[in-house]
Amino acid sequence: MLEIKNLSAAIDGKEILKGLSLSLPKGQVHAIMGPNGAGKSTLSYVLAGRAGYTVTGGSVTLNGQDLLAMAPHERAAAGVFLAFQYPVEIPGVTTMNFLKTALNAVRAARGEKALDVMQMLKLLRAKAKAIGMDEDMLKRPVNVGFSGGEKKRCEVLQMAVLEPRLCILDETDSGLDIDALRIVADGVNALRDANRSMLVITHYQRLLDYIKPDRVHVLAGGRIERSGGPELALELEEKGYGQASAGAQA
Amino acid sequence: MQQPPSPAAFTPEPYKYGFVTPIDTETAPKGLSEATVRYISAKKGEPDWLLAQRLKAFALWQTMETPSWGKVAFPPIDYQDAYYYAAPKKKAAPQSLEDVDPELLKTYEKLGIPLKEQAILAGVEGAVAVDAVFDSVSVATTYKKALEEKGILFCSLTEAIHNHPDLVKKYLGSVVPPSDNYYAALNAAVFTEGSFVYIPKGVRCPMELSTYFRINAANTGQFERTLIVADDDSYVSYLEGCTAPKRDENQLHAAVVELVALDRAEIKYATVQNWYPGDENGVGGIYNFVTKRGLCKGASSKISWTQVETGSAITWKYPSCVLQGDYSSGAFYSVAITNHHQQADTGTKMIHIGRGTRSTIISKGISAGHAQNTYRGLVRMARTAHGARNKTQCDSLLIGDQCGAHTFPVIVSRDPTARVEHEATTSRVSEDRLFYCQQRGLSLEEAMALIVNGFCREVMKELPMEFAVEAQKLIGISLEGSVG
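Residues numbered from 1 in each chain as written. Chains lettered and ligands numbered in written order. Predicted model: local features only at pLDDT ≥ 70, side-chain atom pairs only at ≥ 80, totals over all residues. Heavy atoms only, no water.

**As for the overall build of chain B**
Under the convention used in this document: Where helices and strands are cited, they refer to DSSP runs of H or I of at least four residues and of E of at least two residues respectively, numbered from the N terminus. Put simply, the radius of gyration uses C-alpha atoms, and a globule should come to 2.2 Å times the residue count raised to 0.38. For every residue, the accessible area obtained with a 1.4 Å probe (protein chains only) is divided by the maximum for its type, and the residue is called buried under 20%, exposed over 50%, and partly exposed between those limits. In what follows, a contact means two residues having at least one pair of non-hydrogen atoms within 4.5 Å. Positive charges are assigned to Lys and Arg, negative charges to Asp and Glu, while His and the chain termini are left out of the count. In this description, the location of a charge corresponds to atom NZ of lysine, CZ of arginine, CG of aspartate or CD of glutamate.
Scanning chain B from terminus to terminus reveals 11 helices and 23 strands. Taking 2.2 N^0.38 as the reference for a compact globule, 484 residues should give roughly 23 Å; the C-alpha atoms of chain B span a radius of gyration of 22 Å, in line with that estimate. With the C-alpha coordinates of chain B rotated into their principal frame, the extents come out at 75 × 60 × 55 Å. A buried classification covers 60% of the 484 residues belonging to chain B. Sequence separation of 24 or more characterises 84% of the internal contacts of chain B that already satisfy a separation of 6 or more. Between the averaged position of the 49 positive side-chain charges in chain B and that of its 54 negative side-chain charges there is a distance of 5 Å.

Spelled out as structure tokens, the structure:
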């Protein structure tokens, strides 16, 4: 599924990722944990193809396709979805219209027919209902005036509608209280399936109580420093990143 | 997983109305003189009073000077180096659609303008009656019969001059007199065609009325004149569209539109202006110097101007409202997009005279490439405008770092009970927003179009449905080449 080999990337000439390798098999959920400034967000942006990040070495393939050769929207069409740490407001564009435009763009790229207004409405309502979202939210401009919890739920809705192969959740727990966190996690868990892989990027172990990973990786100094089972997250929580990393070197 | 087909590249859609219709054209001799004015008037078989008005306007125009206060730059126009009348050659005036030159019908088909009447079923929405103006003449007006049954007059101005002279005489020039400005005087002297609408007392016009202006002939100015009168308690919604062929030289379009709303009448006037804007280096394109004004003459009357301005090399246009009737209201909703080397100086005037009058101005200017986009507005509260109110919102969006946005609002209030509010913002299309949309599957161009359409939403929602979809697409097309 997702193969990252020896990936190096820089922003403004400063190297942030330094030979990162990671293999994420189909249907699995992997967590990436690490201290602030370790390069977690950089990894998610490099995978999604954000401008300003220069790949200086290595390769990334998704189902054998060279991800790094694609434009951001082509990556989305290929099945990459990034749930943003800070979802962006788009004034004047309703969530409904945004999702309709996005889904039809992705469908066109995949050689599928565009959905008409009625089909789209039905689909969006069903998806919103499935994650317990108020239908009225579809009529509001994307993320404008949304609470932290609403924004994250809107990300999950977009994920549910676009049906990606690879979901990258960038610090999805930030800014959420425990109730909102549970709701968002439920939404994400409902989207786990055998054909979908997820990369859960988080600073805190808390999120992993709700979204149980198959593997946990520790990102530090621009590379994966340590990998293990779910128990690794607990160890990090207990000892902190410094000690856990030291343990790896011992 | 299979290799997905690469997303359909966003094919740049250059100006798609830039074709020329091959048709024999009859033109006035080149140049502008009293003889030209007489030629036009004779061609139209006009009554003497109108010729006298034209000559008076022409004499006035010769004493006037080109206005220079606009934030637009262009070389002086040689008024002797153009034609002032161009009409497709024909044997006799077409009496019905069957008589119209098939080449012309093909042109309008290509432009997507329906000149065939569909059988109107009672209560069916969405039918649009069209007056098609080709260079200096009207080639067809649809649904005339159906409208006449309700007493609604919808025809070319030339026809109205012959068949309804009293109405024309009473209202033509009553809102925009020739002395108003340089281009209004020029228009009053050499206007060739336009539409005329009269809605009788108490009638709600059952369909959208529209005029589609097409410049075809080279080196020719189009000077149309439109007059809409809504009698007491009537309602009409009117659309105007415009396109022209791609040519390297600049062509002048100096139109006048006059609206009169009597007691409790409502007129909604929408324009999607897509004249040829010139190429990416600023060569060619239409000079769109237009005077549009509505008079809310009656108490509680309403006039709204909605415009989506995407075309023209230079736009100089201020659709305005004179709020004379007590409790009358005016609105101006505008989207002006300039790309490459386009220049737009546009805005409105709201003249509050009656008590309790209201006006709303929402202006959205988008500037890309090397373009200059200016909002110019005047809100005037006369001494008599007790309790009048105005709200103005003026937003500018910049794409790239070579373009400019300018705002020149003027507020004059002579009544202490009047209230005027003005809000203005300037912003850039942020990289964050573009990336967010791209991550959801939109190409850079699609993302830009979506964001800009969102920015314009308050104005776009004022457009009639039939136009809104077209206008949205047009916004995307106009921004071609502004990103990447």
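Next, the rest of the story.
**A short note on the interface of chain A and chain B**
We count it as follows: Throughout, the accessible surface (probe 1.4 Å) given up by two parts as they are put together, summed over both, is called the buried area. Just to be clear on terms, a salt bridge is a Lys or Arg side-chain nitrogen sitting within 4 Å of an Asp or Glu carboxyl oxygen. N or O atoms within 3.5 Å of each other form a polar contact, as long as, within protein, one can give a hydrogen and the other can take it, and as long as residues adjacent in sequence are counted only when both atoms are side-chain atoms.
Counting residues at the interface gives 40 residues for chain A, matched by 23 residues for chain B. Summing both sides of the interface, chain A and chain B together bury roughly 2700 Å²; the carbon and sulfur share of this comes to 66%. If you look at where chain A meets chain B, you find three salt bridges. For Asp432 of chain B, the salt bridge identified is with Arg50 of chain A, shortest N-O distance 2.5 Å. One can count 11 residue pairs in polar contact (both at pLDDT 80 or more) joining chain A with chain B. Per-element accounting of the side of chain A that touches chain B gives the leading share, seven residues, to helix 3 (residues 95–109) of chain A.

**Considering the sheet that holds strand 11 (residues 215–220) of chain A**
Residues and elements named next belong to chain A. Put simply, the test is: DSSP bridges decide pairing: two strands pair if at least two such bridges lie between them. Note on definitions: angles span 0 to 180 degrees between N-to-C directions of axes, and those axes are lines fitted to C-alpha atoms, for helices only across the stretch in contact.
Read across the sheet, six strands follow the order 6-9-10-3-11-12 without closing on themselves; strand pairing throughout is mixed. Single-partner strands in this sheet number two, and they are strand 6 (80–83) and strand 12 (223–228). Between one strand and the next, the sheet's axes are offset by a mean angle of 20°, whatever the strand orientation. Where strand 6 lies against strand 9 (residues 166–170), four bridges are found, and the strand directions are parallel. Each residue of the ladder has a partner; that of Ala83, found in strand 9, is Leu169.

**Some remarks on the nonpolar core**
Counted only if it meets this: Throughout, nonpolar core names a set of buried Ala, Val, Leu, Ile, Met, Phe, Trp, Tyr and Cys residues whose side chains join them through atoms within 4.5 Å.
One finds Leu2, Ile4 and Leu20 of chain A together with Ile366, Val452 and Leu479 of chain B to be the most contacted residues of the largest nonpolar core, which totals 81 residues. Counting residues per element, this core draws most heavily on helix 9 (residues 444–455) of chain B, at six residues. Excluding residues that lie within four positions of it along the chain, Ile366 of chain B makes contacts with Val335, Ala336, Ile337, Thr338, Asn373, Leu397, Ile399, Val452, Phe455, Cys456 and Leu479 of chain B. With 45 residues, the next largest nonpolar core counts Val29, Val106, Ile131 and Leu138 of chain A among its residues.

**What to know about the packing of helix 8 (residues 431–439) of chain B against helix 9 of chain B**
Residues and elements named next belong to chain B. Under the convention used in this document: Throughout this description, any angle smaller than 35 degrees is read as roughly parallel, any larger than 145 degrees as roughly antiparallel, any in the 65 to 115 degree range as roughly perpendicular, and the remainder as oblique. Definitions for this section: a left-handed crossing has its near helix turned counterclockwise from the far helix by less than a right angle. A right-handed crossing has that turn clockwise. Under the convention adopted here, Pro, Cys and the residues Ala, Val, Leu, Ile, Met, Phe, Trp and Tyr are nonpolar, Asp, Glu, Lys and Arg are charged, and Gly plus all remaining residues are polar.
Following both chains from N to C, one finds helix 8 and helix 9 inclined at 120°, their axes separated by 9 Å at the closest point. By the angle between their directions, the pair helix 8 and helix 9 is classed as oblique. As for the relative orientation of helix 8 and helix 9, their crossing is right-handed in sense. For the pair helix 8 and helix 9, the contacting residues are Arg433, Leu434, Cys437 and Gln438 in the first and Leu444, Ala447, Met448, Leu450 and Ile451 in the second. Partitioned by chemical class, the residues of the contact of helix 8 with helix 9 number seven nonpolar, one polar and one charged.

**Remarks on the sheet that holds strand 4 (residues 53–62) of chain A**
With antiparallel pairing, four strands are arranged side by side in an open sheet as 2-1-4-5 (chain A). One side of each edge strand has no neighbouring strand; the edge strands of this open sheet are strand 2 (14–24) and strand 5 (65–66) of chain A.

**Some remarks on the packing of aromatic side chains**
Residues and elements named next belong to chain B. For clarity, the cut-off: For this analysis, a ring pair means two rings from Phe, Tyr or Trp (six-membered ring only for Trp) whose centres lie within 6.5 Å, classed as stacked if their planes differ by under 30 degrees, edge-to-face if by over 60, and tilted for the remaining angles.
The final tally for this structure, using the stated rule, is 23 aromatic pairs over all chains. Between the aromatic rings of Trp69 and Tyr318, the centroid separation amounts to 5.7 Å while the plane-to-plane angle is 45°, which identifies the pairing as tilted. Here Trp69 is found in the loop between helix 2 (48–63) and strand 2 (86–88), whereas its partner Tyr318 is found in the loop between strand 15 (314–317) and strand 16 (320–323), with 249 residues between them in sequence. Judged by centre distance (5.3 Å) and plane angle (50°), the ring pair of Phe74 and Tyr287 falls under tilted. One end of the pair, Phe74, is in the loop between helix 2 and strand 2; the other, Tyr287, is in strand 13 (residues 285–296), with 213 residues separating them in the sequence. Phe74 gets classed as partly exposed once you look at its relative accessible area, which sits at 23%. Here a set of aromatic residues connected by ring pairs shows up, and it is made of Phe58, Trp61, Trp69, Phe74, Tyr79, Tyr182, Tyr183, Tyr287, Phe289, Trp316 and Tyr318.

**What to know about the confidence of the model for chain B**
A low pLDDT score tells you not to read the predicted coordinates there in detail. All names here are of chain B. To be explicit about the condition: Confidence scores labelled pLDDT are given residue by residue by the predictor and lie between 0 and 100.
Mean pLDDT over chain B: 86, with 90% of residues reaching 70 or higher. Here residues 1–12 is modelled with pLDDT under 50, and outside its nearest four sequence neighbours on either side it reaches 20 contacts, counting other chains as well. For this predicted complex, the interface confidence comes out at an ipTM of 0.96, alongside a pTM of 0.86.

**Here we look at the side chain of Ser8 of chain A**
Along the polypeptide, Ser8 of chain A turns up in strand 1 (residues 2–11). Using a relative accessible area of 12% as the deciding quantity, one classes Ser8 of chain A as buried.

**Remarks on the pattern of salt bridges**
Considering all chains together, one arrives at 28 salt bridges over all chains under this definition. Close ionic contact of Lys40 of chain A with Glu171 of chain A constitutes a salt bridge, the shortest N to O distance being 3.6 Å. Of this pair, Lys40 of chain A sits in helix 1 (residues 40–48) while Glu171 of chain A is found in the loop between strand 9 and helix 6 (178–190), placing the two residues 131 residues apart along the sequence. The pair formed by Lys40 of chain A and Glu171 of chain A is uniform in burial state, with each residue classed as buried. A single salt-bridge network, built from bridges that share partners, covers Arg50 of chain A together with Glu431 and Asp432 of chain B.

**Section: the environment of Leu24 of chain A**
With respect to the helices and strands, the residue Leu24 of chain A is situated in strand 2. Along the primary structure Leu24 of chain A and Asp214 of chain A are separated by 190 residues, whereas in three dimensions their C-alpha atoms are 10.0 Å apart.

**Some details on the packing of helix 5 (residues 148–162) of chain A against helix 6 of chain A**
Helix-helix packing is described using two parameters, namely the angle between the two axes and the distance between the axes. All names here are of chain A. Direction vectors running N to C along helix 5 and helix 6 enclose 0°, while the axes themselves pass 10 Å from each other. Viewed along their axes, helix 5 and helix 6 adopt a mutual orientation that is roughly parallel. Contacts between helix 5 and helix 6 involve Gly149, Lys152, Arg153 and Val156 from the former and Ala180, Ile183, Val184, Gly187 and Val188 from the latter. A class-by-class count of the residues in the contact of helix 5 with helix 6 yields five nonpolar, two polar and two charged.

**What about the confidence of the model for chain A?**
When pLDDT is averaged along chain A, the result is 92, and 97% of the positions lie at 70 or above. Ignoring residues within four places in sequence, the model shows residues 246–250 of chain A, a span with pLDDT below 50, making three contacts including any to other chains.

**Brief notes about unusual backbone geometry**
Phi is positive for Glu171 of chain A, close to 45°, though the residue is something other than glycine. Using a relative accessible area of 10% as the deciding quantity, one classes Glu171 of chain A as buried. Positive phi, normally seen in glycine, also occurs at Tyr327 of chain B, with a value near 60°.

**Describing the pairing of strand 14 (residues 302–309) of chain B**
All names here are of chain B. Buried residues dominate strand 14, accounting for seven of its eight residues. Bridge count between strand 12 (residues 266–273) and strand 14: eight bridges; the pairing is parallel. Residue pairing across strands places Val272 opposite Val308, the latter belonging to strand 14. When strand 14 meets strand 17 (residues 329–338), the two strands line up parallel, connected through eight bridges. Note on strand 17: the bridge partner recorded for Val308 is Val335.

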